[in-house]
Amino acid sequence: MSRAAAFTLITALSLTACGGGGDSDDNPLSGSSADSDGKSIVVGSANFPENQLLAEIYSQALEAKGLKVTRKFDIGAREVYYDQVVKGGIGVFPEYNGALLAVAVDKNSTATSTDDINAELKQKLPSSVEILDSAEAQDKDSVTVTAEKAAKYDLKSLADLKSVAKDWTIGAGSEFKTRTQGGVGLKTVYGVEFGKFQPLDAGAQSTLLKLLKDDKVQAANIYTTDPAIVEDKLVVLEDPKNLFSSQNVTPLVYKDAVNDTAKGALNGVSAKLTTQDLLDMMKKLVNDKEDASDVAKEWLTSAGLN
């Protein structure tokens, strides 16, 4: 990320770091993975709605097992929150396994499948943290174009961009430009290099979609569970060389912050959560403007987890 991965573009096309500082009441990174009573598990999230929804699902699943939870959501980019998990400032975090590996753990990794990615994570993660079971649910990066552009230039896969990208602008989160699973990989894997890059940060989804539909950008990095892909009839370009690796939703935990009961609750979520579930929930969150806590509760009830 990937990962990568989160709705993902509603409040964040870019997972830009939101930084520390400020009063402890306002800083989501203040404190530790457990409250002073030593019994509260700190659940964190990145700064985009899908990840916040997943964190809420994790929180409610833990609470359903009688565990106390402290929510520290909307932290920012992986470059900020990952170290906090490693150091114990956050106890549980909903991650996307491919992005976690490629961005935070081993930028030189070539693993693309779920099994290979998780095997490398288990081998290479710092000893203070571990991943739990991955869900079937994925939210992958994509390079997406309008149906009109796809038809006009016969675009089906990322490789097809090679002849037009030099004259195009791609819109994406600022970190996409320098990530292997981003601009760097597009050039090295597919020989695709865009003429211009338009960075977009928090709250940029509506802006990005308008830019794409108005032809101000000709391609966009949109995550694959974004409802706009279906609603606006956008075309996600195929990735036959697996530039964008598997991005299974996977709990990343600080080992000392979670007991067997907590692990069982989180693995229970992973056992039930599908990509279609994630898309359905994001439609409720984005289109129907439902509250994340209500959406999470409804899914957990339907899955028999609360």
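Counting from 1, residues in each chain are numbered in the order their sequence is written. Given that this is a predicted model, residues contribute local features only at a pLDDT of at least 70 and side-chain atom pairs are listed and counted only at 80 or more, while totals for whole chains, interfaces and linings are drawn from all residues. Only heavy atoms go into the side-chain values, all of them from the structure, while hydrogens and water stay out.

Glancing now at the side chain of Q181. Here a strand is any run of E in DSSP of at least two residues, a helix any run of H or I of at least four, and the numbering for each starts at the N terminus. In this structure, Q181 sits in helix α6 (residues 180-190). Counting of polar contacts relies on pairs of N or O atoms within 3.5 Å, with two restrictions inside protein: one atom must be capable of donating a hydrogen and the other of accepting it, and residues adjacent in sequence are counted only when both atoms are side-chain atoms. In terms of polar contacts, Q181 uses its side chain to reach the side chain of S245, at 3.1 Å. In this structure the side chain of Q181 is engaged in a polar contact, spanning 3.3 Å, whose partner is the side chain of Q247.

With that settled, the discussion passes to the nonpolar core. Here, nonpolar core means buried Ala, Val, Leu, Ile, Met, Phe, Trp, Tyr and Cys residues that are tied together by side-chain atoms lying within 4.5 Å of each other. Three labels apply to residues, based on accessible area from a 1.4 Å probe with only protein chains included: buried if under 20% of the type maximum, exposed if over 50%, partly exposed otherwise in between. Membership of the largest hydrophobic core comes to 58 residues, with the highest contact counts inside it found for L62, V249 and W299. Counting residues per element, this core draws most heavily on helix α1 (residues 49-64), at seven residues. In this description, contact between two residues means that some pair of their heavy atoms is separated by no more than 4.5 Å. V249 has contacts with L54, Y58, E95, Y96, D133, S134, A135, A137, S270, L273 and L278, leaving out every residue within four places of it along the chain. One finds A150, L158, L186 and F194 within the second-largest nonpolar core, a separate group that totals 20 residues.

Between the first and last residue of a helix there are one fewer steps than residues, each counted as 1.5 Å, and that sum is the expected span. Along its 16 residues, α1 runs 22 Å from first to last C-alpha, staying within 8% of the 22 Å computed at 1.5 Å per residue. Directly after α1, the chain includes G66, whose backbone phi takes a positive value near 85°.

Right, let's talk about helix α11 (residues 292-302) for a bit. Among all positions in α11, only V295, A296, W299 and L300 are buried. One side of α11 holds all its buried residues, which, seen down the axis, span an arc of 130°. Looking one or two places after α11, you find G304, whose phi comes out positive at around 70°. Each direction from the helix axis to a C-beta atom contributes to the arc, which is the arc of those directions.

Strand order in the open sheet formed by five strands is β7-β6-β8-β5-β9, and the pairing between neighbours is mixed. Two strands in the sheet have a free side with no partner beyond their single neighbour: β7 (196-200) and β9 (235-236). Paired strands, in this sense, are two strands between which DSSP finds at least two bridges. Relative to strand β8 (residues 219-221), strand β5 (residues 143-145) runs antiparallel, the two being bridged by two bridges. Within β8, the residue paired with V143 across the bridge is N221.

For the pair helix α10 (residues 275-286) and α11, interaxial distance at closest approach is 10 Å and the crossing angle is 145°. The way α10 lies across α11 gives a crossing that is right-handed. Of α11, the residues touching α10 (which contributes D277, M281, K284 and L285) are A292, V295, E298 and W299. Residue type decides the class: Asp, Glu, Lys and Arg count as charged, Ala, Val, Leu, Ile, Met, Phe, Trp, Tyr, Cys and Pro as nonpolar, and the leftover types, Gly among them, as polar. Taken together, the residues that form the contact of α10 with α11 break down as five nonpolar, no polar and three charged. Only the stretch in contact is used when a helix axis is fitted, and all axes are lines through C-alpha atoms; the angle between N-to-C directions ranges over 0 to 180 degrees. Should the near helix be turned anticlockwise from the far one by less than a right angle, the crossing is termed left-handed; should it be turned clockwise, right-handed.

Bringing the pattern of salt bridges into the picture now. Counted as salt bridges are all cases of a side-chain nitrogen of Lys or Arg within 4 Å of a carboxyl oxygen of Asp or Glu. Per the counting criterion, the structure on display carries 13 salt bridges. One salt bridge connects E56 with R71, and the closest N-O pair in it is separated by 2.9 Å. One end of the pair, E56, is in helix α1; the other, R71, is in strand β2 (residues 68-72), and 15 residues separate them in sequence. Residue classification places E56 among the buried positions, given a relative accessible area of 8%.

In this section: the packing of aromatic side chains. Aromatic pairs are defined between Phe, Tyr and Trp rings, using the six-membered ring for Trp, whenever the two ring centres lie within 6.5 Å; interplanar angles under 30 degrees are classed as stacked, those over 60 as edge-to-face, and all others as tilted. Per the counting criterion, the structure on display carries four aromatic pairs. Taking the centre distance of 6.3 Å and the plane angle of 25° together, the rings of F48 and Y96 count as stacked. Linking F48 in the loop between β1 (40-44) and α1 with Y96 in strand β3 (residues 92-96), this pair joins segments that are 48 residues apart in sequence. Accessibility expressed as a relative area gives 1% for F48, which makes it buried.

This part covers the environment of D115. By the secondary structure assignment, D115 is in helix α4 (residues 114-124). Given a relative accessible area of 63%, D115 falls into the exposed group. A C-alpha to C-alpha distance of 9.5 Å links D115 and S134, two positions 19 residues apart in sequence.

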